[in-house]
Amino acid sequence: MTDTTQSALPQGVSPAQFEAALGQLRALLGPENVLTSEEDLAPYTKVMMSDADEKHMPGAAVLATSVEQVQGVLKICNQFKTPVWPISTGRNFGYGSAAPGTRGQIVLDLKHMNKIIEVDPVLCTALLEPGVTYQQLWNYLKENDIPLWLSCPAPSAIAGPVGNTLDRGVGYTPYGEHFMMQCGMEVVLANGEVLRTGMGGVEKSNTWQAFKWGYGPYLDGIFTQSNFGVVTKLGIWLMPQPPAYKPFCIQYEDEGDIDTIVEMLRPLKIANIVPNAAVIANVMWEAAAVIPRSKYYDGTGSTPKEVLEEIKQKEGMGAWNVYAALYGTAEQVEVNWNIVKKAVEATGKGKLITEEDTGNREPFRYRAQLMKGDMTLQEFGLYRWRGGGGSMWFAPVSQAKGSETKAQMELAQEILNEYGLDYVAEFIVGMRDMHHIVDVLFDRSDPAETARAHECFGKLLSEFGKRGYAVYRVNTGFMEQTADLYGKVKRDVDQTLKRALDPNGIIAPGKSGIFI
Amino acid sequence: MNRKLTHPLLAVAFVALAACGSSSDTASAGDKGKLIYLGKESIPKDKAEMVFQQTCMACHSTGVGPVILGRDLPPEAIKLFVRHGNRAMPAFTEAMIDDETLDRVAEMVSKSKAPPTQPAPTQPAQ
Ligand SMILES: Cc1cc2nc3c(=O)[nH]c(=O)nc-3n(C[C@H](O)[C@H](O)[C@H](O)COP(=O)(O)OP(=O)(O)OC[C@H]3O[C@@H](n4cnc5c(N)ncnc54)[C@H](O)[C@@H]3O)c2cc1C
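A brief structural summary. Computed from a predicted model, the values in this text were never measured in an experiment.

Regarding the overall build of chain A
Line of reasoning, step 1. Counting secondary structure elements, chain A contains 15 helices and 19 strands.
Line of reasoning, step 2. Computed over C-alpha atoms, the radius of gyration of chain A comes to 23 Å, within 12% of the 24 Å expected from 2.2 N^0.38 for 516 residues, which places it in the range of a compact globule.
Line of reasoning, step 3. Each principal axis of the C-alpha atoms in chain A carries an extent, and together these give about 70 × 55 × 45 Å.
Line of reasoning, step 4. Burial status across chain A gives 64% buried among its 516 residues.
Line of reasoning, step 5. Here the analysis covers contacts within chain A between residues at least 6 apart in sequence; of these, 73% occur between residues at least 24 apart.
Line of reasoning, step 6. Entry remark: accessible area of chain A is about 18500 Å², with carbon and sulfur atoms responsible for 53%.
Line of reasoning, step 7. The centroid of the 48 positive side-chain charges in chain A is displaced by 3 Å from the centroid of its 61 negative side-chain charges.

Here you go:
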């Protein structure tokens, strides 16, 4: 076993202390489940953000297979004051991937805890271990003829419901706001105790996955985007497969049409006519799913407007492309379809596209797959837009009001263009908000472009912050700056909770800007 | 920053893949008409086949990633790509794809024949 731990030690931990911790971890988990060689750690170090790899180099990675082992790991880490960074499926691409928030932390990889503990086809619920992937659950439902649908993020096949929900990720079905569809969790606390939230603490309870709130303060939220515990089980609700499903696209010609689109969509979403987390994707996002930018533009810097116009014409894409779907019985879908058609007509523009028009063509096809929770990796096409594998999601929350989305669009464009980067963006329609998702794409093999992307991202955060806009989630390189935007009192409360629940600060220090 | 690409085998394979580019046409030239969604029959029984179909081919047969079939890529290079990732391609840990399965997948890809719709290897990089 090559020992390279000297090169990535957590802050304040001596080599001897770290070695001693590793020795105990080997005794607990077996030497094959304590990874320290450069070769074994390599897959945990591949990040897409602008930070140097070295800043997020793990000291080791350990694999646990049971709740008892997770308890044991936390006990050892407390004893030797060595921090651990839990991951479930570790596919947090553009947010930090599987690498820890700060250098030297031990990755606690729960991929081997991958039991689908229960799927209740009557109540439409599931109880899962962290290592379960969406693909695994999809396979399970199909193989067992259970007519339930998943809601998954775009890298569905390889990501997983537990990690995604814990980072408050989103999907594209009517269950797209994943944390809203989460019900009950089991958490190993830093002191080794096992907490079951909601109804889970009640002896013999059978409503753990049926009722979210339980009794007294509702705790699940404090274990998301946080470092207060290690989640070892998570309940989620699944959507019954509807008898009819109608995905569609609406294309709008002008960038400024975002205002009209949002005003048209909001009432439909709030009234549940369009029930899913619909998407409004701009031309570059749309194009990136099918072509590299070099097909139309060989230059560097931001893609010129006239090139975008050419892409719209030749590829048959809108400046904005709305993807939404209707679900229900055939009758319900027909009624709602008529309402949608009228709403689009009333905008005086917008081209409706249905399956009959475009069917299996991309990107319609992958959008239709995502809106029914099917597996696809088509959206990885985003990374050949400029090439080079650099990506950071800039994801400010916007009110679901046209004027607000337009203001955010203009601000993001201005800042990105200043740095020669592209506004590759979509709005994901929330209950009352829009998740404005900008993929800050850059060539990570080019140090100068990477440095520009880094500076640009910081400026996006601060300029948006000045106007009262903040992101819902961020990569591990920018957690401090983001935490500041949410204010001192919030930071103090987070820290108070951290100190109470994890006094040695061993679980994921730095996650969401929280340290002891 | 991309220090992992310094491995000689990775570099060789990278040149081979870059020369091929990615096939955008296969992605955009789908048929019109009714959408085809995958069902139970699409799930392979064999573990290596499952990884190959549900993970590798999700990108490498859809125009998202470069074509890897029928290119005589050396199994060792394939394994290095999988473990290290490369630019947009994510890295896969041993916990995600175990060594034994990866050996078989690499063998499968290495010995594969080119699919009929694959663009000629001489096509310029995109
Ligand atoms: C092309 C592309 C498209 C994407 N589209 C989407 C999208 O549509 N929606 C979306 O939400 N994301 C999207 N992402 C981002 C990301 O890939 C997904 O959110 C993915 O689901 C996260 O990885 P994961 O599920 O493996 O979670 P993990 O990486 O396992 O977990 C995420 C984080 O949660 C915490 N965590 C995980 N497990 C535990 C635990 N057991 N206990 C305590 N804390 C834990 C850790 O901080 C961890 O870093 C996209 C990425 C790409 C590349």
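Comments concerning the sheet that holds strand 2 (residues 60-63) of chain A
Two strands in a sheet stick together by hydrogen bonds in their backbones, pointing the same way (parallel) or opposite ways (antiparallel).
Residue and element names in this part refer to chain A.
Line of reasoning, step 1. Sheet architecture is open: four strands sit in the order 1-2-4-3, paired in mixed fashion. Where the open sheet ends on each side, the last strands, each with one partner, are strand 1 (34-35) and strand 3 (84-87).
Line of reasoning, step 2. Where strand 1 meets strand 2, two bridges bridge the pair, whose relative direction is antiparallel. The partner of leucine 35 across the bridge, within strand 2, is alanine 61.

Brief notes about the packing of aromatic side chains
Line of reasoning, step 1. This structure, assessed with the given rule, holds 16 aromatic pairs over all chains.
Line of reasoning, step 2. Taking the centre distance of 6.5 Å and the plane angle of 80° together, the rings of tryptophan 320 of chain A and tyrosine 423 of chain A count as edge-to-face. Of this pair, tryptophan 320 of chain A sits in strand 14 (residues 320-328) while tyrosine 423 of chain A sits in the loop between helix 12 (402-418) and strand 18 (425-429); the two residues are 103 residues apart in sequence, bridging distant segments of the chain. Summarising the burial analysis for this pair, tryptophan 320 of chain A and tyrosine 423 of chain A share the class buried.
Line of reasoning, step 3. Overall, the relative accessible area of 1% leaves tryptophan 320 of chain A in the buried class.
Line of reasoning, step 4. By the ring-pair criterion, three or more aromatic residues cluster together here, those being Phe394, Phe457, Phe464, Tyr469 and Phe478 of chain A.
Line of reasoning, step 5. Across the ring face of tyrosine 37 of chain B, the terminal group of lysine 372 of chain A is positioned such that the distance to the ring centre comes to 4.2 Å.

What counts, and at which threshold
- Counting restarts for each chain: residues are numbered from 1 in the order of the written sequence.
- Chain labels run from A onward and ligand labels from 1 onward, assigned in the order the entries are written.
- Owing to the predicted nature of the model, reporting of local features is limited to residues with pLDDT of at least 70; listing and counting of side-chain atom pairs is limited to 80 or more, with chain, interface and lining totals taken over all residues.
- As a rule here, side-chain values cover all heavy atoms of the structure and leave hydrogens and water aside.
- A run of DSSP states H or I qualifies as a helix once it reaches four residues; a run of E qualifies as a strand once it reaches two. Both are numbered from the N-terminal end.
- Note that the radius of gyration is over C-alpha atoms, with the globule rule given as 2.2 Å times the number of residues to the power 0.38.
- Think of it in three bands: residues with accessible area under 20% of the maximum for their type are buried, residues over 50% are exposed, and the middle band is partly exposed, with areas taken using a 1.4 Å probe on protein chains only.
- Pairs of residues are marked as contacts when any of their non-hydrogen atoms sit within 4.5 Å.
- Only the protein chains shown count as cover for residues, with accessible areas throughout obtained via the Shrake-Rupley method and a probe of 1.4 Å.
- His is not counted, nor are the chain ends, whereas Lys and Arg count as positive and Asp and Glu as negative.
- To locate a charge, take NZ of a lysine, CZ of an arginine, CG of an aspartate or CD of a glutamate.
- Paired strands are those between which DSSP finds at least two bridges.
- A pair of Phe, Tyr and Trp rings is counted when the ring centres sit within 6.5 Å of each other, with Trp represented by its six-membered ring. The angle between the planes then sorts it: under 30 degrees is stacked, over 60 is edge-to-face, the rest tilted.
- To sit over a ring, a charge needs its Lys NZ or Arg CZ within 6 Å of the ring centre and within 35 degrees of the ring normal.

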